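Here is what each chain is made of, one letter per residue.
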Amino acid sequence: MNNDLQMASDETIILVVSSHGHLRNRYTQILSALDVTVLTVSDGFEALDILRNTKITAILSDFGIPGMDGIELFLRTKELMFNVPFVICSTHINNRSKDEALKIGVMKVLKGPSNKADILNVVAEAIEERQRQILQFFL
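Description of the structure in this document.

Rules used throughout
Residues numbered from 1 in each chain as written. Predicted model: local features only at pLDDT ≥ 70, side-chain atom pairs only at ≥ 80, totals over all residues. Heavy atoms only, no water. Salt bridge = Lys/Arg side-chain N within 4 Å of Asp/Glu carboxyl O. Helix = DSSP H or I, 4+ residues; strand = E, 2+ residues; numbered from the N terminus. Buried < 20%, exposed > 50% of the residue type's maximum accessible area, 1.4 Å probe, protein only. Arc of directions from axis to C-beta.

**Focus: the pattern of salt bridges**
Within the structure shown, the criterion is met by four salt bridges. Here Glu125 and Lys108 are joined by a salt bridge, their closest N and O atoms 3.8 Å apart. Placement of the pair is Glu125 in helix H5 (residues 116–138) and Lys108 in strand E7 (residues 108–111), with a sequence separation of 17 residues. Note that Arg132 is salt-bridged to Glu129, the shortest N-O span being 3.0 Å. Of this pair, Arg132 and Glu129 are both found in helix H5, three residues apart, which corresponds to roughly one turn of the helix.

Right under this line is the structure:
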């Protein structure tokens, strides 16, 4: 199989979920280095609406978002059969919640103020994971 195989003409779209405008802007600026499209929303309900209408490659979510926390958003995406790599990035997540998130299938939890390299690396991993999922579907 050719290692250069891409997701056909599908665009790489990262959904950023945070109630903090400055974080949405920061993540958008950081992720621009990956040559991806970034969509941002301020709460979990908006995120679910986007997921219903857009082929999202990966989700980068704050833990404390209005209406539901990051873990509940992850569980709702699974209920709706969206198998999208999910990353939580938050200064407001305790170790118990972090462990719970990883146990139920959240791909990665970045705790504390994350630097640019950490964010880029984890989102690049999420994109690769999504590409593997798509390729496995066709094999």
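Next comes the rest of the description.
**As for helix H1 (residues 21–31)**
Listed as buried for H1 are Leu23, Arg24, Tyr27, Ile30 and Leu31. Relative to the axis of H1, the buried residues are bounded by an arc of 130° and lie together on one face. Those residues of H1 that are exposed and aimed more than 90 degrees away from the buried face are His22, Asn25 and Gln29.

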